[in-house]
Each structure stands twice: as structure tokens, then as C-alpha cells.
Amino acid sequence: MGERFKELESFYRGKRVLVTGHTGFKGSYLCLLLTMFGAEPYGYALKPPTDLSIFSIIFGETDKKELAPRICDEGRRLHSCIGDVRDYEALRTFYKEAAPDIVIHLAAQPIVRESYVIPRETYEINVMGTVNLLECIRTIPGCRSVLNVTTDKVYLNEEKKGYGYREEDRLDGFDPYSNSKSCSELVTHSYSASFLKAAGVSVSTARAGNVIGGGDFAKDRILPDFVRAIKAGKSLSVRNPGSTRPYQHVLEPLFSYLYIAMKQYEDMSYAGWYNVGPDDCDCVTTGELCDIFAAAYGEGASWNSEAEPGAPHEADFLKLDNTRLKETFGLHPVWHIAEAVKAAADWTRAWLESDEDAVRETVSQIKLFGEKF
């Protein structure tokens, strides 16, 4: 394994880590990683948002309080609580039980188009959910490191061609999802400055781009839509193939989150805010992403362009500048776009065989990634 992988494994062994949003796409992978590192993860979230979910594939039933990764005997068990971050008393009760050393906040309403349908709920989850968690951290001593995961969409996006947004750029997301995550950032900065820094708690926010990988079954995401089309034997209709986005495999930000949380646990000077995005070469149009996936998957996978009249606004161009992450921690992307898409295609083929094959492929990909980290 790579040196940083070994460093994470050594650090997280035995650490109590609270992950909000643990039943989501990123959260499921993160909890599997933590069990493999020998940590003691505690997860708090709603049930998986889709009938098919990577969480159920990896961990099985969602109603059990103690879960172990299917077919994987490495590490400890996951302590799982199904709950809503808007429910402060329930969250506080579980927080006391978890007594975390480290908190990684992933819980969110994460879909741009959904935020136009349920704007109030989006703000309640993404803003007040963050406040509730930070209030637990403020009033219950013990935690030393907090990472709030937001999004590349927190920035005021002027759609400048070729420009990568930097950490000091203005926060002001356009749609309710993006704006609510901008608010979550500001709330986090305030709690850190007003309360947590003085209490010895290191706090950072991480702004990540679009993640891809096996097991994402979310609505309104391009590769999950492609997988559904393949399973149904259809061609995928793409509503905006010219939009440029930063894409990275889900393991890229997760390893970075764990690394940031570790380094600021050891040294508060690392606390801050970081763009956790891919390199320029991994910023491609939606159409290019579909071409790469179709080629990697084969077997007749295809797509076509089909504009959607009256669709809600989504930015055409968005890119992050990841210089700070590289210069501060020496972290560089491990898998670029072709490798990331191939991993997603390989996982999909394994999953279409069986859930057990999918879990084996997930663990295998983590180990392959770890060799280069």
C-alpha cells in the first residue's frame, strides 16, 4: 500500500468517527473505508434515498444498529442510527453515544433539480442540519476534528471559461441546493471562529466536484442514469451534453477528507477550507463523459442528445482550482478520468452479476487505489 494509505490506517485504528449521511453514496464508501482501517464508525442518516443503494449492497439491512460489511471481514462494525439531522434531540442523543474523536458531515439534500421542488426542506436539511450538528459539537466535549463536506457549487459561478474557482472566491450559489451549501459553509466558519477553535476543535470545510463510481443510484446524475438505461436495454437521453464539470472517482475526495481530518486533528494550523477537486484534464463535458463510459462498458452502451424544454437552471461551466490541497498536503489525483470511468464500468458489470461480486469489486478497487495513495 502507499505511504499515505498506511498513515491513515495507523491513525484511524480505534478512532471513534461520526459520519452523518452514512447511508448515501459517499457515506457508504467512507464507512467501508473506516471499517477497513480498523476505526469505530458511527453513522447517522435517513434510510438510503433510493430502493437500490450501495449502502444496502455493502452492509445489508438498514434497520440493524450493528452492521458489518458483506463478505469483508476486515476492521470493526458500523454503528448505525437511522435519523434526521433536523431532529436535534435525536441527533444529540446519538452524538453522546458515539462520543466521536472526529466528525465528518455528509448529510444533505444533494440534488440541484430536487432543490427547486423542495426549497424549504433543502435549506432545513443543509443549513439547520449543520447548525444542529455543530451545536452538539459545541456543547458536548470530546471531538477534536470536524470536516463539513460541501460542494464546488458554493461559489458565485460566473461561468468563466478556463477559470478554476479558488478558496478565497465569493460564496453565493445560485439554486437552492448550491445556496444552502454556501450557507452551511458560512455557519461552519462562524461556529469555528466563535466557539470551536477556542475549545481546541479543528474545523475545515471541503468543496468537492462531481463524484462518480460504482453503486451510485441517485436521481439526475449522469452515470446512474446511464446504468439504468443499460439495465433497461435502452439508449441514454442526455439533456445538456455540452455542460463542463469536474469529475473524480468517489475514492478521491474520501481519501482527501480522511487525510484533512487526520492532519488537523494532529495540528490545528491545517484547519481551513479546501477545494477537493480533480485536475484540469478531468473537467469534461457531459457528452465526453458519456463517450468514455460507453467505450469502457462496451456491449452496445449508447447515448443521444435530447434537450429538455423548460428545465431549471444549471450552470454550463464549473471548475475548481485544487492548488491549495496539493501545496498543503501533497495530495494529487490518483485516478484520472479514464481510470475513474473504467472503475465505474467494471463495478457495474460486477453488480449485474451479483451484490457479492459488487462488494468484492469495491474492496478490490479500494486496495488498488490505496497502492497509489
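Keep in mind it's a predicted model, so treat the numbers as computed, not measured.

1. Side note on the overall build of the protein
Next up, step 1: Counting secondary structure elements, the protein contains 13 helices and 13 strands.
Next up, step 2: Its C-alpha radius of gyration of 19 Å places the protein within 12% of the 21 Å reference for a compact globule of 373 residues.
Next up, step 3: Dimensions of the protein, computed from C-alpha atoms along their principal axes, come out at roughly 55 × 45 × 40 Å.
Next up, step 4: Here the protein holds 373 residues, and 59% of them are scored as buried.
Next up, step 5: Long-range contacts, defined as pairs at least 24 residues apart, comprise 81% of the intrachain contacts of the protein with a sequence gap of at least 6.
Next up, step 6: Working note: accessible area of the protein is about 14800 Å², and carbon and sulfur atoms make up 49% of it.
Next up, step 7: Here the protein contributes 43 positively and 54 negatively charged side chains, and the mean placements of these two sets differ by 3 Å.

2. Brief notes about the sheet that holds strand S6 (residues 145–149)
Next up, step 1: A sheet is described by the order of its strands in space; here eight strands give the open sequence S3-S4-S2-S1-S5-S6-S7-S11, paired in mixed fashion. This sheet does not close on itself; its edge strands, each paired only once, are strand S3 (66–67) and strand S11 (273–276).
Next up, step 2: Seen against the sheet, helix H2 (residues 25–36) touches strand S1 (16–20), strand S2 (40–45), strand S4 (78–82), strand S5 (102–105), S6 and strand S7 (202–208) and runs at an angle of roughly 170° to S1.
Next up, step 3: Across the sheet, helix H6 (residues 119–139) lies against S1, S5 and S6, angled at about 175° from S5, the strand it touches most.

3. Considerations on unusual backbone geometry
Peptide bonds are mostly trans, and most non-glycine residues show a negative phi.
Next up, step 1: Although it is not a glycine, Ala99 sits at a positive phi angle of roughly 45°.
Next up, step 2: Here Ala99 is to be found in the loop between helix H4 (88–98) and S5.
Next up, step 3: Phi at Glu299 takes a positive value of approximately 50°, unusual for a residue other than glycine.
Next up, step 4: Within the secondary structure layout, Glu299 lies in the loop between helix H10 (286–297) and strand S13 (303–305).

4. Section: the environment of Phe373
Next up, step 1: Here Phe373 lies in the segment after helix H13 (355–372).
Next up, step 2: The sequence separation of Phe373 and Glu40 amounts to 333 residues, and the corresponding C-alpha distance is 22 Å.
Next up, step 3: With residues up to four places along the chain from it excluded, the contact list for Phe373 reads Gly2, Glu3, Arg4, Phe5, Leu8, Phe255, Tyr259, Leu331 and Val334.

5. With respect to the packing of aromatic side chains
Next up, step 1: Within the structure shown, the criterion is met by 26 aromatic pairs.
Next up, step 2: Taken together, a centroid distance of 5.5 Å and an interplanar angle of 85° make the contact between Phe25 and Tyr29 edge-to-face. Taken together, the residues Phe25 and Tyr29, both in helix H2 and four residues apart, mark about one turn of the helix.
Next up, step 3: Ring centres 6.1 Å apart and planes at 15° place the aromatic pair Phe293 and Tyr297 in the stacked group. Taken as a pair, Phe293 and Tyr297 lie in helix H10 at a separation of four residues, close to a single helical turn. Accessibility classification places Phe293 together with Tyr297 in one group, the buried group.
Next up, step 4: For the cation-ring pair, Arg138 lies above Phe195, with the distance from its terminal atom to the ring centre recorded as 5.1 Å.
Next up, step 5: Sitting over the ring of Tyr265, Arg144 keeps its end group 4.0 Å from the ring centre.

6. Looking at empty space enclosed by the protein
Rolling a probe over the atoms, with the probe sized like a water molecule, indicates the empty space that remains.
Next up, step 1: This structure, assessed with the given rule, holds one cavity of 30 Å³ or more.
Next up, step 2: Computed from the structure, the largest cavity encloses a volume of approximately 120 Å³.
Next up, step 3: What lines the largest cavity is a set of 15 residues, and nearest its centre among them are Glu252, Ser256, Leu325, His332 and Pro333.
Next up, step 4: For the lining of the largest cavity, the per-class residue count stands at nine nonpolar, five polar and one charged.

7. Remarks on the state of the cysteines
Next up, step 1: Scanning all chains against the criterion turns up zero disulfides.
Next up, step 2: Looking at the unpaired Cys143, the closest cysteine sulfur is the one in Cys136, lying at 11 Å.
Next up, step 3: The buried category is assigned to Cys143, whose relative accessible area is 6%.

8. What about the sheet that holds strand S12 (residues 283–285)?
Next up, step 1: If you walk across this open sheet you meet the three strands as S8-S10-S12, and the pairing is mixed. At either margin of the open sheet sits one strand with a lone partner, and together these are strand S8 (210–212) and S12. Looking at each pair of strands side by side, their axes are set apart by 50° on average, direction ignored.
Next up, step 2: In terms of strand pairing, S8 meets strand S10 (residues 244–249) through three bridges, oriented parallel. Bridge assignment links Asn210 to a residue of S10, and that residue is Tyr247.

9. Remarks on the environment of Val85
Next up, step 1: Along the polypeptide, Val85 turns up in the loop between S4 and H4.
Next up, step 2: Accessibility expressed as a relative area gives 6% for Val85, which makes it buried.

10. With respect to the pattern of salt bridges
Next up, step 1: Going through the model one piece at a time under the given rule, you end up with 26 salt bridges.
Next up, step 2: Residue Glu124 is joined to Arg86 by a salt bridge in which the shortest nitrogen-to-oxygen separation is 3.3 Å. Of this pair, Glu124 sits in helix H6 while Arg86 is found in the loop between S4 and H4, placing the two residues 38 residues apart along the sequence.
Next up, step 3: Look at Glu124 and you get partly exposed, because its relative accessible area is 26%.
Next up, step 4: The partner of Asp357 in a salt bridge is Arg360, with the nearest N and O atoms 3.3 Å apart. Note that Asp357 and Arg360 are positioned in helix H13 at a spacing of three residues, about one turn of the helix.
Next up, step 5: Sharing partners across several salt bridges, the network here consists of Asp84, Arg86, Arg120, Glu121 and Glu124.

Scoring rules and cut-offs
Residues numbered from 1 in each chain as written. Predicted model: local features only at pLDDT ≥ 70, side-chain atom pairs only at ≥ 80, totals over all residues. Heavy atoms only, no water. Helix = DSSP H or I, 4+ residues; strand = E, 2+ residues; numbered from the N terminus. Rg over C-alpha atoms; globule rule 2.2 N^0.38 Å. Buried < 20%, exposed > 50% of the residue type's maximum accessible area, 1.4 Å probe, protein only. Contact = heavy atoms within 4.5 Å. Areas by Shrake-Rupley, 256 points an atom, 1.4 Å probe, with all protein chains shown as cover. Lys, Arg positive; Asp, Glu negative; His and termini not counted. Charge placed at Lys NZ, Arg CZ, Asp CG, Glu CD. Pairing = 2+ DSSP bridges. Axes fitted to C-alpha atoms, helices over the stretch in contact; angles between N-to-C directions. Phe/Tyr/Trp six-rings, centres within 6.5 Å; stacked < 30°, edge-to-face > 60°. Lys NZ or Arg CZ within 6 Å of the ring centre and 35° of its normal. 1 Å grid on protein atoms, 1.4 Å probe; cavity = no way out; pocket = protein on both sides within 12 Å on 5 of 7 lines; lining within 4 Å. Points joined across faces, edges and corners; volume = space filled by probe spheres on them. Nonpolar A, V, L, I, M, F, W, Y, C, P; charged D, E, K, R; others polar. Disulfide = S-S within 2.5 Å. Salt bridge = Lys/Arg side-chain N within 4 Å of Asp/Glu carboxyl O.

Interpretation in functional terms is not warranted from these geometric data alone.
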